[in-house]
Every structure is written in C-alpha cells, then in structure tokens.
Amino acid sequence: MATRLDPAQRREQILAATLRLVARDGFARVTLRDVAAEVGVVHGLIRHYFATREQLVAAAFDAAVLGELRADAEVEEGLEPVAALADWLSTTPRGHYLVWIDAWSEAPRNPELLAALTRHHRDSDRHLAGVIQRVVDAGHATSADPAADARMLTALVDGVAVQHHAIGLIDEAEADRIVFRAAEEHLKMQPGALSRTRPTPTRGLWATPPAAAADAPVAAAEPGD
C-alpha cells in the first residue's frame, strides 16, 4: 500500500519536483504529467493541488524564491555591511540565473508566473535598498535614494547575468568587476571596496521546498483526474 502524505507535505513534494524539472527543461516544457511521473503519483493527484500547469510552475517559482530570500537574509545578517552588499551583487550560479531568465521569457504567456516574478523583483529591490542603507549608515557609501539605487543596480546585475550565463559573452570575473565598479562609483564608495571584502558567494542556491520521501504510485486517481 502506498504511503500517504498529509496535504502540506504532498504539496511541498510536488513543488520541489516541479522546480527540478523547470531547472532541467525550462518552464514551457514542464507538464502536469511530467511532474506526476517525477513524484511517482497519478496525474489526477497533481490536479487536486494545482488546476493548471501555469498555476503549478508559478507556485514552484514562488516557493523557491521565497525560500532563497529568507536564506539570503539570514546569511547577510552575519556579514558586515560592505560584505553583505558584495555578496548580494556578486555573480550567482548558472543554474539559478537560467531559471530566472527562463521565467522572464515565460512570464508574458503565464499571468500567474508574471505576478510572482513581479512581486519577487520588488521584494529583491526592497531588500537591496536595505543593504545599501546599511552601507550608508556605516559611513562607507552615499545614497540620496537607496530604493532608486537598488533598482538601478538590479537592472545592471540582471543584464550582466544574461551576458555571462546565457551567451557567455563575459566570464564570472568580468561580470563581478563590471557590477562592483559601477556600484562603487554610483554609491561613491572607495574603489575596490566590494572586491576586497567579498565573502565566499552564498546567494543563488535554490532553497527548494523539502521533498518528502518518494511514494509508490497510488492505486486510484484523486479528485481532479
């Protein structure tokens, strides 16, 4: 007899499996049947939790980014302000950014994903503005509008990441040099301050929902099949 999980555990398992498939195949190619096969359950069980593929992939992206932002915040609390800014601006792993790039591409065709993506961009900007304010308060930078500076730097980081990860136009070292130099100049920081204090990169490690133990396929379809 198949092991049955409570609804919260099953939902987390489905989201974790979805994100694994998205990272491998992209948002557009993931289907509800693919996710069911990955989890080891019947197709109808996935529909019991998520009525459409669009809802499912948006929820997986949402859960992953929320987990990542929580993990980033915990790490940065233990860093000095300049090191925290360097950590936030530094290049993240390729697999992480390819998911974001794919999300940008898919969002115009998926309203649920667009809403999640927009919300997380705004959350990230607010978080970066807070990091910038910490650097200013510590006397290492100048900013008349941390929120505007955060938006500008986020746009720069995203553009550089596309050149680095998507097409290989620049390497990791050059990507960091471009972003760090621009941030130092814009925030009137001491040249080289970010590269000198940069810790081991910790961002961009997808904090996927914990996957429950895999189950054998259930014998009957759940509601929604």
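All of these numbers come straight from a predicted model, not from anything done at the bench.

**Considering the overall build of the chain**
Looking only at helices and strands, the chain has 10 helices and zero strands in total. The linear arrangement of helices and strands in the chain, starting from the amino end, is α-α-α-α-α-α-α-α-α-α. The buried share of the chain, reckoned over its 225 residues, is 46%. Across the chain, the fraction of contacts at a sequence separation of at least 24, relative to all contacts at a separation of at least 6, is 72%. In the form shown here, the chain has an accessible surface area of approximately 11000 Å², with 54% of it arising from carbon and sulfur atoms.

**Some details on the environment of E80**
For E80, the position within the fold is in the loop between α4 (53-77) and α5 (81-89). Here E80 falls in the exposed class, since its relative accessible area comes to 61%. For E80 and A138, which are 58 residues apart along the polypeptide, the C-alpha to C-alpha distance reads 9.3 Å.

**A word on the packing of aromatic side chains**
Following the criterion strictly, the structure yields two aromatic pairs and no others. For the pair F27 and F61, a centre-to-centre distance of 6.0 Å together with 70° between the ring planes defines the contact as edge-to-face. Placement of F27 in the loop between α1 (7-25) and α2 (32-39) and of F61 in helix α4 is noted, with a sequence separation of 34 residues between them. Consider the rings of F61 and W100, whose centres lie 5.1 Å apart with planes at 75°: the pair is edge-to-face. Taken together, the residues F61 in helix α4 and W100 in helix α6 (residues 94-106) connect sequence positions 39 residues apart. A residue is classified by how much of its surface remains accessible, and W100, at 7% relative accessible area, is buried. The structure contains a cluster of three or more aromatic residues connected by ring pairs, namely F27, F61 and W100.

**Things to note about the UniProt feature "DNA-binding region" (unreviewed entry) in the chain**
Here the UniProt-annotated "DNA-binding region" (unreviewed entry) positions come out as residues 31-50. Counted over residues 31-50, helix gives 75% and strand 0%. Its end C-alpha atoms are 12 Å apart.

**Re the side chain of E106**
Mapped onto the elements of the fold, E106 is located in helix α6. Look past the residues within four positions of E106 in its chain and what remains in contact with it is F27, A28, R53 and L113.

**Some words on the environment of R11**
Here R11 is to be found in helix α1. Judged by relative accessible area, R11 falls into the partly exposed class, the value being 38%. Those residues within four positions of R11 in sequence are excluded, and the remaining contacts are Y49, F50 and A59.

**Description of the nonpolar core**
In this structure, F61, L85, L89, M189 and L194 are the most contacted members of the largest nonpolar core, which totals 61 residues. Among the elements that line this core, the one with the most residues is α4, at nine residues. Filtering out sequence-adjacent residues up to four positions away, L85 remains in contact with L128, V131, I132, V135, L187, M189 and L194.

**Details of empty space enclosed by the protein**
It is a probe the size of a water molecule, rolled over the atoms, that shows where empty space is left. Enumeration according to the criterion identifies two cavities of 30 Å³ or more in this entry. A volume near 100 Å³ is recorded for the second largest cavity. Lining the second largest cavity we find 15 residues, and of these L89, S90, T91, V157 and A161 sit closest to its centre. Looking at the lining of the second largest cavity, the elements that each hand over two or more residues are α5, α8 (146-166) and α9 (172-186). Per-element tally for the lining of the second largest cavity: the top contributor is α8, with five residues. Looking at the lining of the second largest cavity, its residues break down into eight nonpolar, five polar and two charged.

Calculation criteria
Residues numbered from 1 in each chain as written. Predicted model: local features only at pLDDT ≥ 70, side-chain atom pairs only at ≥ 80, totals over all residues. Heavy atoms only, no water. Helix = DSSP H or I, 4+ residues; strand = E, 2+ residues; numbered from the N terminus. Buried < 20%, exposed > 50% of the residue type's maximum accessible area, 1.4 Å probe, protein only. Contact = heavy atoms within 4.5 Å. Areas by Shrake-Rupley, 256 points an atom, 1.4 Å probe, with all protein chains shown as cover. Phe/Tyr/Trp six-rings, centres within 6.5 Å; stacked < 30°, edge-to-face > 60°. UniProt positions renumbered as here; feature names shortened; annotations may be inferred. Core = buried A, V, L, I, M, F, W, Y, C linked by side-chain atoms within 4.5 Å. 1 Å grid on protein atoms, 1.4 Å probe; cavity = no way out; pocket = protein on both sides within 12 Å on 5 of 7 lines; lining within 4 Å. Points joined across faces, edges and corners; volume = space filled by probe spheres on them. Nonpolar A, V, L, I, M, F, W, Y, C, P; charged D, E, K, R; others polar.

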